[in-house]
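Inside the fold
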Protein chains: 12
Amino acid sequence: MSDHVYKVIELVGSSTQSSDDAIEKAIAKASKSLHNLDWFEVLETRGHIVDNKVGHYQVKVKIGFRLD
Amino acid sequence: MSDHVYKVIELVGSSTQSSDDAIEKAIAKASKSLHNLDWFEVLETRGHIVDNKVGHYQVKVKIGFRLD
Amino acid sequence: MSDHVYKVIELVGSSTQSSDDAIEKAIAKASKSLHNLDWFEVLETRGHIVDNKVGHYQVKVKIGFRLD
Amino acid sequence: MSDHVYKVIELVGSSTQSSDDAIEKAIAKASKSLHNLDWFEVLETRGHIVDNKVGHYQVKVKIGFRLD
Amino acid sequence: MSDHVYKVIELVGSSTQSSDDAIEKAIAKASKSLHNLDWFEVLETRGHIVDNKVGHYQVKVKIGFRLD
Amino acid sequence: MSDHVYKVIELVGSSTQSSDDAIEKAIAKASKSLHNLDWFEVLETRGHIVDNKVGHYQVKVKIGFRLD
Amino acid sequence: MSDHVYKVIELVGSSTQSSDDAIEKAIAKASKSLHNLDWFEVLETRGHIVDNKVGHYQVKVKIGFRLD
Amino acid sequence: MSDHVYKVIELVGSSTQSSDDAIEKAIAKASKSLHNLDWFEVLETRGHIVDNKVGHYQVKVKIGFRLD
Amino acid sequence: MSDHVYKVIELVGSSTQSSDDAIEKAIAKASKSLHNLDWFEVLETRGHIVDNKVGHYQVKVKIGFRLD
Amino acid sequence: MSDHVYKVIELVGSSTQSSDDAIEKAIAKASKSLHNLDWFEVLETRGHIVDNKVGHYQVKVKIGFRLD
Amino acid sequence: MSDHVYKVIELVGSSTQSSDDAIEKAIAKASKSLHNLDWFEVLETRGHIVDNKVGHYQVKVKIGFRLD
Amino acid sequence: MSDHVYKVIELVGSSTQSSDDAIEKAIAKASKSLHNLDWFEVLETRGHIVDNKVGHYQVKVKIGFRLD
């Protein structure tokens, strides 16, 4: 990581499966327009309740990627 | 959400399965006495260790529900 | 817990499987040199991205254990 | 406040008018079922965006009231 | 704590004696209407000043209790 | 919000009128280049002082919008 | 701001009108004994409840001013 | 508290007796040069260790007082 | 403190007497295996409730000591 | 700053020289694609250790710039 | 530090040289009107950007000094 | 970092030179008894004031190292 500069963006991924899957969803989306994705950090885990169960998880993540 | 007021309560759910399941446990309990459950926010994830493994996850959540 | 003193250490576990599994990895490692592990608290969930997916989860946990 | 014990609850008020009005909405709702409301603390100000304007403010407040 | 769900409420106890006593005052009040009180966490210690001394301590605590 | 991914950006709006208006200013600016603006969260309220009055409010907000 | 040193003080302004007005009240008071007031930062918004309405807003602010 | 402005200062009191007494020490000192002391808030409790015991407690407090 | 390096460890002391005594218990334990204990910082005060009273205080502290 | 809206982005600069230089590296990179850079705020200072020395500093900064 | 009370003030020092020098500037200014300066704590490091470089560092510090 | 577990310890390094040098001092000390030092994170920068200048910087860092 010695000479690089990284940009950090913030996304909210959502998933009906699991909180881990919501992270994957956010990363998958980011990868469609960005290269060199390097790491993520979870900021916040929340979600909506539907019929007294978790309807979907919403995980806010920071994603860091290397600038060329 | 325009005209409503929501109340937010704090519960700790526990599960031997997973941290996600501990959230479900808290929501299921809340739904027994409350209506209109709307969202949850994870505040803290912790748990007890039994025989050098996670014995059970304890997840502290805020749960928001609409007041009539 | 009445008369005891507990020590709290900080570890980062990593797993290619799930964030819960990363917690288990940290606890398993701690148990090799320490006795009386009692509880854990999640401080931070992050990870590396490989090929536009979560390469591995890295979960920073505090682990508390009873001093004899 | 010398001998009293106070309970603190958490509500989210919403208003299309202003963030201050969202606080009033939460207090008005609380006053329908509780007596001796004493103070409020703002925890979080957010809201939804509709047609590129603030659709309504959502203010999360703690409300303290004296227990008899 | 394996299968249980806990509710967490927030109280402010006050005492002219000490900050520890303010915690006791809050717990004593909670015990009049709730069962199975399990733990407390101190959130904030403050108080009023009267005649250039602590008039009374006000300690905001979370109190957790097991839901049946 | 079930299948969507949201991006969250950070803006500082300023207004000579009010802190609420500074939020509107930030949203209005964001709407010129972005679609599907969904929610905002206030991070910080500050401002400059001119002639011993608030010269203008500066409100730092996060704005979330749905990615197509 | 290049060569200057600024002092930052903390005040609580109160107003029966609005939270913005409570900020103005604090600044007005500060200006009676201090010069070169430069900026403010809101730390905390709270208030007392009177007759089930906001009796007055209390806004804790930091105020920065240039030292000569 | 309706029309007043309060100033908040920060002191560290120390005591060989107890953490509560360190608060009293800070208030006693403040009262020598200030009037209308109204409330305190504990920010931080720490201290020095002497001969494997608490040598003295050091409690950092904010103290609020009414400006005339 | 000019040339030294200090290590900081985290302990939880418990006491049926008082929160201050829980700090002493943690320091006493630390002193059995470590030298040059220098300062402590309180991170968290909590405890268990037994028979509607504080059963014991649990105070999480950081303890700093000089490395030789 | 009266009528402007500012955008705030997050970058991580790295430098083998110093933590201040890592800030400069992040700003230099940002300036290649953005105009009107106005201020920075340090969020986090960390780095990698190589051969028991700081290999390079990594400083996470927010950078604010005026939108036209 | 056993019997003393300390006051803590907040200053922002600025420097075109380095973040460390901004701390020195704040201390130098404080020393012109105060005696017995004892310690400082860095609260926030930020600065202005001029010509795509750090124009000057602004470091907000708390400075503690012993009251006589 | 895929299969490893890391331990994180906390040290305070001090230096009369600079805040960066205080980090180096902490790392140098850690390296005398530990292997595989991997990264550091700055938690807190403070110091003592001597003769109205920084006497020495004290930087509290977390240091992470790989467990075998």
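Source: prediction; values computed, not measured.

A closer look at the overall build of chain A
Across its full length, chain A holds 1 helix and 3 strands. Starting at the N terminus and ending at the C terminus, chain A contains elements arranged as β-α-β-β. Computed over its C-alpha atoms, the radius of gyration of chain A comes to 14 Å, more than 25% above the 11 Å expected for a compact globule of 68 residues. Based on the C-alpha atoms only, the size of chain A along its principal axes is roughly 50 × 20 × 15 Å. Across the 68 residues of chain A, 57% fall into the buried class. By sequence separation, contacts in chain A at least 24 residues apart represent 63% of the contacts at least 6 residues apart. Accessible surface for chain A amounts to roughly 2800 Å². Of this, 43% is attributable to carbon and sulfur atoms. Each charge sign in chain A was given a centre, from 9 positive and 10 negative side chains, and these centres are 6 Å apart.

Points about the relation of the copies chain A and chain B
If you rotate chain A by 120° and push it 0.0 Å along the axis, it lands on chain B with an RMSD of 0.0 Å. Here the two chains are linked by the operation of a three-fold rotation axis.

Concerning the interface of chain A and chain B
With 11 residues of chain A at the contact, the number on the chain B side is 13 residues. Of the roughly 1100 Å² buried between chain A and chain B on both sides combined, carbon and sulfur atoms contribute 55%. Its largest share of buried area at the contact with chain B, chain A owes to A:Arg46, A:Ile49 and A:Asn52, together 47% of the area lost on that side. Put simply, chain A and chain B have 5 residue pairs in polar contact (both at pLDDT 80 or more) between them. Listing elements by their share of the side of chain A that touches chain B, those giving two or more residues are β2 (37–50) and β3 (53–66) of chain A. Among the elements that take part in the side of chain A that touches chain B, β2(A) stands out by supplying 5 residues, more than any other. Looking at the side of chain A that touches chain B residue by residue, the class counts come to 3 nonpolar, 6 polar and 2 charged.

Structural notes on the pairing of strand β3 (residues 53–66) of chain C
All names here are of chain C. β3 sits mainly inside the fold: 12 of its 14 residues count as buried. Across 10 bridges, the pairing between strand β1 (residues 6–15) and β3 is antiparallel. Residue pairing for β3: glutamate 10 is matched across the bridge by lysine 62. Two elements, strand β2 (residues 37–50) and β3, share 12 bridges in a ladder whose sense is antiparallel. Note that in β3 the partner of glutamate 41 across the bridge is lysine 62. The turn linking β2 back onto β3 is made up of 2 residues, and aspartate 51 within it adopts a positive phi angle of 55°.

Here we look at the arrangement of the chains
Of all C-alpha pairs spanning chain D and chain J, none lies closer than 15 Å, and the two are not in contact. One finds no contact between chain B and chain K; the C-alpha atoms of the two approach each other to within 25 Å at their closest.

Digging into the packing of aromatic side chains
Under the counting rule described, the total for this entry stands at 24 aromatic pairs over all chains. Ring centres of K:Phe40 and L:Tyr57 lie 6.1 Å apart, and the angle between their planes is 80°; on these two criteria the pair is classed as edge-to-face. Note that K:Phe40 is positioned in strand β2 (residues 37–50) and L:Tyr57 in strand β3 (residues 53–66), a pairing that runs across two chains. With relative accessibility at 3%, the residue L:Tyr57 sits in the buried group.

Concerning the side chain of I:Lys62
Structurally, I:Lys62 is set in strand β3 (residues 53–66). Discounting chain neighbours no more than four positions away, the residues touching I:Lys62 are I:Val8, I:Ile9, I:Glu10, I:Trp39, I:Phe40, I:Glu41, I:Leu43, L:Glu10, L:Leu43 and L:Lys60.

Procedures and definitions
- Residues numbered from 1 in each chain as written.
- Chains lettered and ligands numbered in written order.
- Predicted model: local features only at pLDDT ≥ 70, side-chain atom pairs only at ≥ 80, totals over all residues.
- Heavy atoms only, no water.
- Helix = DSSP H or I, 4+ residues; strand = E, 2+ residues; numbered from the N terminus.
- Rg over C-alpha atoms; globule rule 2.2 N^0.38 Å.
- Buried < 20%, exposed > 50% of the residue type's maximum accessible area, 1.4 Å probe, protein only.
- Contact = heavy atoms within 4.5 Å.
- Areas by Shrake-Rupley, 256 points an atom, 1.4 Å probe, with all protein chains shown as cover.
- Lys, Arg positive; Asp, Glu negative; His and termini not counted.
- Charge placed at Lys NZ, Arg CZ, Asp CG, Glu CD.
- Least-squares fit on C-alpha atoms with pLDDT ≥ 70 in both.
- Buried area = accessible area lost by both parts, 1.4 Å probe.
- Polar contact = N/O pair within 3.5 Å; in protein donor to acceptor, adjacent residues only side chain to side chain.
- Nonpolar A, V, L, I, M, F, W, Y, C, P; charged D, E, K, R; others polar.
- Pairing = 2+ DSSP bridges.
- Phe/Tyr/Trp six-rings, centres within 6.5 Å; stacked < 30°, edge-to-face > 60°.

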